[in-house]
Structure formats: structure tokens, C-alpha cells
Amino acid sequence: MTRGQVVFWVLLVAGIVLMAYGGYYIYLRQTLGIVGWAWGLMVVTYVFFALASTGSSIVNTIHTVYGYDGAFGKYIRYTVYVSLATVLPAFPIIISDLGAPENFAWMFLGFNPTSRMAWMGVLYVLFALILLVELIAEIHKKGGRGIGMLTLGLAVVIISVVTHSNLGQIFGSAYGIPGWFGPFMAVLFIASALMIGFALQTIALMLADVINFGQVRPELRELVSRVHIKGMLTMIGVYVFMAFWYHMAAFYSPPMALASQEVLWGRFAGEFWGIEVFLGLVLPLIILPIALKRRSVGLAALAAFLLIVGQFFGKVSLTASGQIGRILFDASLTQKAYYAEHLIADFKSEFFGEAPALAFAVGLWLVLFALGVKLLALEEGEKPKRLLIFR
């Protein structure tokens with residue numbers, strides 16, 4: 001087998017295995033009617049995939065709205081498909097976390113305009129549909145980018161920003177969780193989304209080139225050097241700035257400070273300093289300038305992978321510490337610290353017990369990505385032969 005075939009089959013088989021493992025857990029959760037009281041790894045998983053998808057779609061506007069061509073035009077079909085394939089795994093995780101498919105349907109049938117969660121369901125379905133329309137339009141467009149494609153690009157960036165800021169404010173509007181409450185979540189999530197979007201595209205485009213051509217093409221080296229490496233470096237700075245002021249502001253609010261302390265020197269300090277900061281921020285800041293100087297897609301992909309891992313663990317600590325901070329604050333009012341420790345132990349067991357759902361989502365992404373790269377007409381100028389988008 002060629003190098004590309006090996007990579008394709010490794011991704012596909014790994015994806016199927018992960019889906020089988022995680023799918024069995026989701027099946028048991030549905031059939032046994034397991035619904036937890038905490039926001040656990042299932043919430044983190046669909047938040048993360050939503051972050052990555054909207055971030056990737058906003059990155060695409062560098063070409064679709066602002067007109068930068070370079071090598072972006074050659075890969076725009078791939079990057080639009082990456083955005084679409086990344087949002088799709090979020091849906092089965094949301095449905096499973098809600099306990100039953102009909103509960104998800106009630107987001108629409110019993111739509112409550114004052115509910116951030118209801119808006120999340122509507123906006124992400126609309127977002128996925130617009131991405132599908134954009135993919136079809138990119139595959140069938142003739143010539144340059146006319147007013148129609150520009151309008152579609154603007155629609156995508158608007159729905160991306162609205163959808164993702166709403167997702168951030170699902171956390172930010174949770175008055176009962178002081179560690180989340182406030183305007184920080186929307187802007188922090190968008191900064192994180194853009195950082196993940198640049199990183200995800202770097203890895204996905206490298207894999208796509210290897211699968212289809214057995215190597216990284218010169219056009220991808222140009223694109224990654226001109227856009228993605230610089231984008232990751234810029235957004236790391238923006239994200240660090242936002243995160244710094246989030247933790248600074250926390251110390252002026254005792255309930256919020258409890259959650260911040262859990263991250264900075266409490267139960268999640270190891271994950272925060274070791275994984276999110278060192279692996280996910282410091283090492284990429286060292287690797288990315290070297291990758292830029294050498295025009296190395298491999299080094300850029302390594303830094304991107306570390307960044308993605310760091311950001312995922314950042315969402316884990318954010319989601320968990322906010323809820324633990326609430327438990328500790330309640331205990332400080334009732335003078336029942338012993339009760340808080342038992343509740344935290346129960347919370348952590350439930351939170352991390354949802355790890356198989358993460359495996360399912362990652363597996364589904366690997367399968368969708370591998371099959372899409374092989375079966376869809378994603379090369380510049382390639383004409384589809386079946387069902388609008390297939391080779």
C-alpha cells in the first residue's frame with residue numbers, strides 16, 4: 001500500500017474502533033435512562049467540537065470574505081468540509097447528554113426564546129445547514145468569487161460568531177455558577193475557537209495531502225506559513241490576554257475566586273499548568289516560529305496538536321472548576337465542608353465517567369474526515385460526478 005492508503009486506513013479503522021467503544025456507552029446510557037446531575041465530559045466534548053467547527057469556519061473567511069487567495073483557494077473546499085465534519089459529532093453527544101432524542105426535539109417544538117440552550121440547538125442546526133450549502137456552492141462555483149459567494153461567506157461568518165458567542169454565554173448566563181457568570185465567556189470562547197480553528201485546519205490539510213498525494217504539496221507549505229502559523233501565534237496572545245483578565249477579575253468576587261483557585265492552585269492546577277499552559281501554549285510558542293522559519297508543515301502540525309490538547313483540557317478545567325467552586329461556596333455558607341467533599345467526589349466520578357462519549361465523537365470525526373477526503377470532490381476545479389458533491 002502507498003503512504004496515503006496507510007494513513008487513510010489507519011484513520012478509518014481507528015475511528016470505527018473508537019465509535020464502537022463510545023457507541024456502546026451511549027447505547028447503555030440511553031437504554032438504562034442514565035441522566036446525571038453534573039455537566040460532565042459530554043458537555044465538554046460537544047462544546048469543544050462546536051468551538052473547533054465555528055473557529056474553522058471563521059478562519060475560512062480570510063478567503064471567502066476578505067479575498068485572500070494565495071493557496072487558500074486551492075484548499076477552501078477542504079477547509080469548509082473540515083468545518084462541517086467537525087460540527088456533526090457534536091449532535092449525537094448533545095442528544096445523548098439530554099437523555100433522549102425527543103428531549104432534543106423539544107428545543108424546537110417547544111422553543112423558548114429566553115433560553116440560551118434552546119437558541120444553541122436552533123443556531124447549530126442552522127450553522128450546519130449553511131456549511132453544507134457553502135460546501136455545495138464552493139464545489140459548483142464557476143470563475144472567481146462573485147457577489148453570491150461573498151454574501152454566502154458573510155452569512156457563514158455572522159452565523160458562526162452569533163452561534164459561538166451564544167454557546168459561550170450558556171456558561172456566562174449561568175447565574176448559579178459564579179465561576180462562569182459574566183461577559184467573559186463569549187469573548188474567551190471566540191478567542192479559543194479561532195486558535196483551535198487554525199490548529200485543526202493545519203492538521204487536517206496535512207493529512208488530506210498525505211492521503212491523496214502521499215506528501216505535503218508546496219501550496220500547503222505556503223498556506224500554512226502565511227496564514228495558519230501566524231494565526232495560531234496571534235490567537236495564543238489574544239487568548240492569554242483574555243484568560244489573564246478572567247482570573248484577575250475572579251479575585252474581586254469570592255464565589256468566582258473559589259472556581260479560579262481550583263484551576264490555579266487547586267484540584268486542576270496540574271492540568272492547567274502542565275497541559276493547558278506548558279503543552280498547549282508555551283511549547284507551541286517555541287515550535288511555531290521554528291516551523292515558520294523552516295516552512296515546516298510537520299512542525300506546525302505538532303504545535304497545532306499540542307494546542308488542541310491544551311485547549312481541550314482547558315475546557316475540562318473550566319467546566320469542572322466552575323461547578324466545584326459553586327459546591328465549595330455553598331459549603332462555606334452552610335458550614336458543611338464534609339458534605340462538600342463527598343459531593344465533589346461524586347461529581348468527579350460522574351464527570352470523568354463520560355469519557356467514552358469523547359471517544360465516540362473523536363472516532364466519528366476520524367471516519368467522516370477520512371471518507372470525505374477520499375469520496376468528495378474537494379480538489380480545486382474538480383467536478384463532482386454523483387449527488388452534487390461526490391467524485
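Here the structure is a predicted model, which is why all the values come from computation and not from measurement.

Novice: Help me get a handle on a nonpolar patch on the surface, residues and values and all.
Specialist: Taken together, the side chains of Met1, Val6, Trp9, Val10, Val13 and Val17 make up a nonpolar region of the molecular surface, amounting to roughly 610 Å² of accessible area. Secondary-structure assignment places valine 10 in helix 1 (residues 3-31).

Novice: Now, about the side chain of glutamine 169: what can you tell me, with residues and values included?
Specialist: In this fold, glutamine 169 is placed in helix 7 (residues 147-172). The class for glutamine 169 is buried, based on a relative accessible area of 14%. For glutamine 169, the side chain forms a polar contact with the main-chain nitrogen of alanine 186, separated by 3.1 Å. The residues touching glutamine 169, leaving out its near neighbours within four places in the chain, are Arg116, Gly182, Pro183, Met185 and Ala186.

Novice: Break down helix 6 (residues 116-140) for me, citing the residues and quoting the values.
Specialist: The terminal C-alpha atoms of helix 6 lie 36 Å apart, and with 25 residues this matches the ideal 36 Å at 1.5 Å per residue to within 8%. The residue sitting at the N-terminus of helix 6 and contributing the capping side-chain oxygen is serine 115; that oxygen lies 3.3 Å from the backbone nitrogen of methionine 117.

Novice: How would you summarise the pattern of salt bridges if you had to cite specific residues and measurements?
Specialist: On inspection of all chains with the given rule, the structure shows eight salt bridges. Between aspartate 97 and arginine 29 there is a salt bridge; the shortest N-O distance is 3.4 Å. In this pair, aspartate 97 sits in helix 4 (residues 90-97) while arginine 29 sits in helix 1, placing the two residues 68 residues apart along the sequence. Each member of the pair, aspartate 97 as well as arginine 29, is classed as buried. For glutamate 138, the salt bridge identified is with lysine 141, shortest N-O distance 2.9 Å. Overlapping salt bridges, with partners in common, bring together Arg29, Asp97 and Glu354 in one network.

Novice: Kindly report on unusual backbone geometry, identifying the contributing residues and their values.
Specialist: Unusually for a residue other than glycine, arginine 295 sits at a positive phi of about 55°. Along the chain, arginine 295 turns up in the loop between helix 11 (269-294) and helix 12 (297-334). With phi around 75°, leucine 388 is a residue other than glycine that occupies positive phi space. Within the secondary structure, leucine 388 sits in the segment after helix 14 (355-375).

Novice: Outline the side chain of serine 321, supporting the account with residue identities and numerical values.
Specialist: By the secondary structure assignment, serine 321 is in helix 12. You can call serine 321 buried: its relative accessible area is 2%. Leaving out residues up to four positions away in the same chain, serine 321 has contacts with Ala259, Glu262, Val263 and Phe268.

Novice: Which residues make up the environment of leucine 51, and what are the values?
Specialist: Relative to the helices and strands, leucine 51 is located in helix 2 (residues 41-64). The sequence separation of leucine 51 and phenylalanine 189 amounts to 138 residues, and the corresponding C-alpha distance is 7.3 Å. Filtering out sequence-adjacent residues up to four positions away, leucine 51 remains in contact with His164, Phe189, Ser192, Ala193, Ile196 and Lys315.

Analysis parameters
- Residues numbered from 1 in each chain as written.
- Predicted model: local features only at pLDDT ≥ 70, side-chain atom pairs only at ≥ 80, totals over all residues.
- Heavy atoms only, no water.
- Patch = residues over 30% accessible without salt bridge, like charges linked within 9 Å, V, L, I, M, F, W, Y side chains within 5 Å.
- Areas by Shrake-Rupley, 256 points an atom, 1.4 Å probe, with all protein chains shown as cover.
- Salt bridge = Lys/Arg side-chain N within 4 Å of Asp/Glu carboxyl O.
- Helix = DSSP H or I, 4+ residues; strand = E, 2+ residues; numbered from the N terminus.
- Buried < 20%, exposed > 50% of the residue type's maximum accessible area, 1.4 Å probe, protein only.
- Polar contact = N/O pair within 3.5 Å; in protein donor to acceptor, adjacent residues only side chain to side chain.
- Contact = heavy atoms within 4.5 Å.
- Expected span 1.5 Å × (residues − 1).

Honestly, that's just the spatial picture; any functional story needs more than this.
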